[in-house]
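Examining the three-dimensional arrangement
Letter by letter, the chains look like this.
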Amino acid sequence: MAREQWGTKLGFMLAAMGSAVGLGNIWRFSFVAGENGGGAFLLLYLVFVFLIGIPLLLTEVSIGRKAKSDVIGSYKTLAPRTPWFMTGFFGVCSAFLILSFYAVVAGWALYYFVNYVTGNFFQAPAEGGFEGAFGGFISQGWQPLFWSALFMTLTIIIVFSGVKKGIEMANKIFMPLLALLLIILAGFSLSLDGAMEGLAFLFQPDWSALTQPSIYIQALGQAFFSLSLGMGALLTYGSYLSDDKRLPSAAVGIGLMDTFFAVISGLVIFPAVFAFSIDPTSGPPLVFITLPSIFEQMPLGGIAGLLFFFALSLAALSSAISILEVPTAYFMRLFNWTRKKSSVIVGSIMFFLGIFVSLGFGIWADVTPIADFNILDSMDYIASNIFLPLGGLSMALFVGWYFAKPTALKAVDLKDDVFGNVWYALVKYLVPIMIIVIFISSIQ
Ligand code: PHE
């Protein structure tokens, strides 16, 4: 069977941006920044995106394009009879862990969308406000699972049927819509009483936060998660690219776009968090309690909320399909399964794992696998802060040290000039050193 291919470079770009822009930019960025002191975290995150993220993004896509196989198969093709294929194992494991909780949170977004359709969330409930409404919803057993199941079903259907193209086309409309909504929301949020405190939180680094070792690994994990890096999602998408498409500009474009979405989300959330006296360290519920308060006060907020949660659910969907694609492509090759069989089996296992995540906000709230982290936080920590950067480290070492320099440069479409040499030096030396140092310092 001939390997599937993108029709055009635009098709690839839309899919890759669809993968990058998702819950990571809005939901995860906000709560992780909130938990890690705001400004200092943002600064570290930006440094990591530019020094580690974008150079590795280029590297990851090029490995897939060169090998034309899945995450594990690509390393086996490029480096036969070596252990490099282990890089792909971390990718497959992180895909299982990440989509399991991603589908739960995306289910929350779907539930919010429906509550804007029905008008239920136009006004805060008299008792408990939006915080109470959210807490009441996620602590139930069945309801959140229903929405998560719906989201996972949509994801599976898209991955096995041909409508991926439809999703990309939808993204062409809804990603700009999401950006526009975020810009309008940021404008409104900044006009709230007390907004300045939020701005200061986000843009005036409290330098003492940098003495906490955990902030480094959190910022690194966020950069990887948000850029869809280190799992093999972009590698797998790259494997459907033909060799004549140029990569460096695509990598920079995807990186910048993704970062824009994160920063603008911060401008929406933090002014409102301070204006409404919400605790910035609320964790995963943060945006789900902050956003409805913004919509409640904003003119035409009900419609804005409806459009927003629709666009957010779609953004989550286009990210989720890229995650499901990683193990789906792997098992298709490994067991010779059809696309349908592979995606249904893999997606169902992920949904099953997600049941634990969801119940971790209800009857299993006391289950804390790591330190005082609940089930979602624990899975997220292992996958995003450890497995993804580990995948990135291995990828950097592979291209920097296993390949000869001319082969590496050729793979990423760079020449032996300033750009080429900067990229090469970053990937060969700086990226591995930074990741290793961050890992070691976070263990203490
Ligand atoms: N980047 C996606 C987001 O920000 C999540 C993701 C992570 C997708 C890893 C693919 C791989 O929502």
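Identification of the protein as Neurotransmitter:Na+ symporter, NSS family from Salimicrobium flavidum is taken from an unreviewed UniProt entry. UniProt annotates the protein under Subcellular location (unreviewed entry) with the comment "Membrane".

1. Section: the pattern of salt bridges
In this structure the tally under the stated criterion is six salt bridges. The partner of Asp 70 in a salt bridge is Arg 333, and the shortest N-O contact between them spans 2.5 Å. One end of the pair, Asp 70, is in the loop between α3 (39-67) and α4 (71-78); the other, Arg 333, is in helix α14 (residues 301-335), and 263 residues separate them in sequence. You can call Arg 333 partly exposed: its relative accessible area is 39%. In this structure, Arg 339 and Glu 325 form a salt bridge, with 2.9 Å as the shortest nitrogen-oxygen distance. Of this pair, Arg 339 sits in helix α15 (residues 339-359) while Glu 325 sits in helix α14; the two residues are 14 residues apart in sequence, bridging distant segments of the chain. You can call Arg 339 buried: its relative accessible area is 13%. A relative accessible area of 0% places Glu 325 in the buried class.

2. Some details on the nonpolar core
Grouped together as the largest cluster of nonpolar side chains are 164 residues, with contacts concentrated most on Trp 27, Trp 108, Phe 288, Phe 308, Phe 309 and Trp 423. Sort the elements by how many residues they give to this core and helix α5 (residues 86-117) lands first, with 19 residues. With residues up to four places along the chain from it excluded, the contact list for Trp 27 reads Phe 101, Val 105, Trp 108, Pro 284, Val 287, Phe 288 and Leu 376.

3. Considering the side chain of Ser 342
Position of Ser 342 relative to the elements: it lies in helix α15. Judged by relative accessible area, which is 0%, Ser 342 ranks as buried. Excluding residues within four positions of it along the chain, Ser 342 makes contact with Pro 327, Thr 328, Phe 331, Met 332 and Trp 337.

4. Re the site of the ligand
In the region of the ligand, 15 residues are neighbours, and Ala 20, Gly 24, Tyr 102, Phe 225 and Ser 228 sit closest. In this structure, an oxygen atom belonging to the ligand sits 3.3 Å away from a side-chain N or O atom of Asn 25. Tyr 102 is positioned with one of its side-chain polar atoms (N or O) 2.5 Å from an oxygen atom of the ligand. Here the ligand loses 100% of its free accessible area of 330 Å² to cover by the protein chains.

5. Points about helix α18 (residues 418-443)
Given a rise of 1.5 Å per residue, 26 residues ought to cover 38 Å, and the 36 Å separating the end C-alpha atoms of α18 matches this to within 8%. Approximately 45° is the largest bend angle found in α18, and it occurs at Leu 426. Among all positions in α18, only Gly 420, Trp 423, Tyr 424, Leu 426, Val 427, Lys 428, Val 431, Pro 432, Met 434, Ile 435, Ile 438 and Phe 439 are buried. Where α18 is buried, its residues contact α3, α10 (213-226), α16 (375-402) and α17 (405-411). If you check the start of α18, you find a side-chain oxygen 3.3 Å away from the backbone N of Phe 419, and it comes from Asp 417.

6. With respect to the environment of Ser 148
Its location among the elements puts Ser 148 in helix α7 (residues 142-160). Apart from the residues within four sequence positions on either side, Ser 148 is in contact with Ala 103, Val 104, Gly 107 and Phe 351.

7. Some thoughts on helix α9 (residues 195-203)
At 3.6 residues per turn, the α-helix brings residues three or four places apart onto the same side. Along α9, the residues classified as buried are Ala 195, Gly 198, Phe 201 and Leu 202. Considered in projection along α9, the buried side chains sweep an arc of 115° and stay on one side of the axis.

8. What to know about the packing of aromatic side chains
What the rule picks out here adds up to 53 aromatic pairs. Consider the rings of Phe 295 and Phe 309, whose centres lie 6.1 Å apart with planes at 70°: the pair is edge-to-face. Within this pair, whereas Phe 295 is found in helix α13 (residues 286-297), its partner Phe 309 is found in helix α14, the two being separated by 14 residues in sequence. Relative to Phe 403, the ring of Tyr 402 has its centre 6.3 Å away and its plane inclined at 45°; by these criteria the two rings are tilted. The partly exposed category is assigned to Tyr 402, whose relative accessible area is 36%. Judged by relative accessible area, Phe 403 falls into the buried class, the value being 9%.

Criteria and cut-off values
- Residues numbered from 1 in each chain as written.
- Predicted model: local features only at pLDDT ≥ 70, side-chain atom pairs only at ≥ 80, totals over all residues.
- Heavy atoms only, no water.
- UniProt positions renumbered as here; feature names shortened; annotations may be inferred.
- Salt bridge = Lys/Arg side-chain N within 4 Å of Asp/Glu carboxyl O.
- Helix = DSSP H or I, 4+ residues; strand = E, 2+ residues; numbered from the N terminus.
- Buried < 20%, exposed > 50% of the residue type's maximum accessible area, 1.4 Å probe, protein only.
- Core = buried A, V, L, I, M, F, W, Y, C linked by side-chain atoms within 4.5 Å.
- Contact = heavy atoms within 4.5 Å.
- Near = heavy atom within 4 Å.
- Polar contact = N/O pair within 3.5 Å; in protein donor to acceptor, adjacent residues only side chain to side chain.
- Areas by Shrake-Rupley, 256 points an atom, 1.4 Å probe, with all protein chains shown as cover.
- Expected span 1.5 Å × (residues − 1).
- Bend = angle between axes of the 7 residues up to and from the residue.
- Arc of directions from axis to C-beta.
- Phe/Tyr/Trp six-rings, centres within 6.5 Å; stacked < 30°, edge-to-face > 60°.

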